[in-house]
Amino acid sequence: MKIRVKLFALTQDLAGREAVSLDLDEPVTVGAIRQSLGATIPALQPVLGSCAFAVNNEYALNSVEVHETDEVACLPPVSGG
Amino acid sequence: MVELTELPIDASVVTRMVTSPKSGAVVLFLGTTRQFTDAKETVTLTYTAYAPMATSEMEKLEAQAKARWPIDQCVLIHRLGEVSIGEASVAVAVSTPHRRDAFEAASWLMDRLKELVPVWKKEHWASGSTDWVHPGLVQRPDENTLH
């Protein structure tokens, strides 16, 4: 199953792109996406443990299952304000 | 009301937006861009967001605050793009019948916004270098480059 992960701020700079496409075996969880993202883009590996993930604009734990049409985002610690 | 904007935040406009005959208190908090962080001088800051989620997270905070305090009007605005030193990057404004609720709600909203709303800032230092600000980011050794 193909999953597109949006990247922001430092993760976007480290990866050199705004999004990464991953090909994963079903069932796909946020945890599997986190792991695959680090393997696909090694530069992201050191910071992924500190990143949150969102599925369809909602914060999502590693156990959350992801479907092909879902919008997935990798969110480094936020710093607004 | 929540908003992401690339335009300057006008404090008087925000104040008018929350002022109401039903309320005896208006609290407006402005987060402004700071020139010095310790000894390092900032020239400007750039804010970026995951806009749809930032908007929905701010809307959730507004709803949660309204459930918790007797808020009449609530406005949350965050700047995006380049923000010069001394300008407001964020505005939180609430009106309530009594002052204690307005202070508490505004403080709670600002704290939660900084924890949950996906907005990031990049410092452009006077030295010419830049840094993303990611509080709590741990850069662990990269196993893929160690072997």
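Residues numbered from 1 in each chain as written. Chains lettered and ligands numbered in written order. Predicted model: local features only at pLDDT ≥ 70, side-chain atom pairs only at ≥ 80, totals over all residues. Heavy atoms only, no water.

Per an unreviewed UniProt entry, chain B is named Molybdopterin synthase catalytic subunit, and its organism is Blastopirellula marina. Quoted verbatim from the Sequence similarities (unreviewed entry) heading of the UniProt record, the comment on chain B is "Belongs to the MoaE family." (UniProt positions renumbered as here; feature names shortened; annotations may be inferred.)

Under the annotation held in an unreviewed UniProt entry, chain A carries the name Molybdopterin synthase sulfur carrier subunit and is attributed to Blastopirellula marina.

Q: Please explain helix α2 (residues 51–68) of chain B as it appears in this structure.
A: Structurally, the α-helix is built with 3.6 residues per turn, so residues lying three or four positions apart point the same way. Here α2(B) is 18 residues long and its end C-alpha atoms lie 26 Å apart, about the 26 Å a rise of 1.5 Å per residue gives. Within the span of α2(B), buried status applies to B:M53, B:A54, B:S56, B:E57, B:M58, B:L61, B:E62 and B:A65. (Helix = DSSP H or I, 4+ residues; strand = E, 2+ residues; numbered from the N terminus. Expected span 1.5 Å × (residues − 1). Buried < 20%, exposed > 50% of the residue type's maximum accessible area, 1.4 Å probe, protein only.)

Q: Before we go on, may I ask you to explain the pairing of strand β8 (residues 119–125) of chain B in this structure?
A: Remember that side chains alternate between the two faces of the sheet whenever the strand is regular. Residues and elements named next belong to chain B. Burial within β8 is extensive, with 6 of its 7 residues counted as buried. Here strand β4 (residues 40–49) runs beside β8; their pairing, made up of 7 bridges, is antiparallel. Bridge pairing in β8 links A49 to V119. The pairing of β8 with strand β9 (residues 130–133) spans 4 bridges and is antiparallel. (Pairing = 2+ DSSP bridges.)

Q: It is not clear to me how the sheet that holds strand β7 (residues 88–96) of chain B should be interpreted in this structure. Could you clarify?
A: Strand pairing in a sheet relies on backbone hydrogen bonds. The paired strands run either parallel or antiparallel. Residues and elements named next belong to chain B. Spatial ordering of the open sheet is given by β1-β5-β7-β2, a layout of 4 strands whose pairing is mixed. Because the sheet does not close on itself, it has two edges, and the strands there are β1 (2–5) and β2 (25–32). Along the sheet, successive strands turn relative to each other by an average axial angle of 10 degrees, direction set aside. One ladder, built from 4 bridges, connects β1 with strand β5 (residues 73–79); its direction is parallel. In the sheet register, L4 faces β5, and the bridge partner there is H78. (Axes fitted to C-alpha atoms, helices over the stretch in contact; angles between N-to-C directions.)

Q: Explain the interface of chain A and chain B to me, please; I cannot follow it from the model alone.
A: How big an interface is tends to be stated in terms of the accessible area lost upon association of its parts. Listed per partner, the contact involves 27 residues of chain A and 33 residues of chain B. Across the chain A/chain B interface, buried area totals approximately 2,500 Å², and carbon plus sulfur atoms make up 56% of it. For the chain A face of the interface with chain B, the top three residues by lost area are A:V78, A:S79 and A:G81, together amounting to 24%. Here chain A and chain B share 2 salt bridges between them. Residue B:K122 pairs with A:D13 through a salt bridge whose shortest N-O separation is 3.6 Å. Seen at the junction of chain A and chain B, the total is 18 residue pairs in polar contact (both at pLDDT 80 or more). For the side of chain A that touches chain B, the elements supplying multiple residues, two or more each, are α1 (9–15), α3 (45–48), β5 (58–60) and β7 (72–75) of chain A. Examining the composition of the side of chain A that touches chain B, we find that 4 residues originate from one element, α3(A), more than from any other. Looking at the side of chain A that touches chain B, its residues break down into 15 nonpolar, 8 polar and 4 charged. (Contact = heavy atoms within 4.5 Å. Buried area = accessible area lost by both parts, 1.4 Å probe. Salt bridge = Lys/Arg side-chain N within 4 Å of Asp/Glu carboxyl O. Polar contact = N/O pair within 3.5 Å; in protein donor to acceptor, adjacent residues only side chain to side chain. Nonpolar A, V, L, I, M, F, W, Y, C, P; charged D, E, K, R; others polar.)

Q: Any chance you could explain a negative patch on the surface here in plain terms?
A: Residue and element names in this part refer to chain A. A cluster of acidic residues, D25, E26, E65 and E68, forms a negative patch on the protein surface. As for its position among the elements, E65 is in strand β6 (residues 65–66). On the basis of relative accessibility, which here comes to 45%, the residue E65 falls in the partly exposed class. (Patch = residues over 30% accessible without salt bridge, like charges linked within 9 Å, V, L, I, M, F, W, Y side chains within 5 Å. Areas by Shrake-Rupley, 256 points an atom, 1.4 Å probe, with all protein chains shown as cover. Lys, Arg positive; Asp, Glu negative; His and termini not counted. Charge placed at Lys NZ, Arg CZ, Asp CG, Glu CD.)

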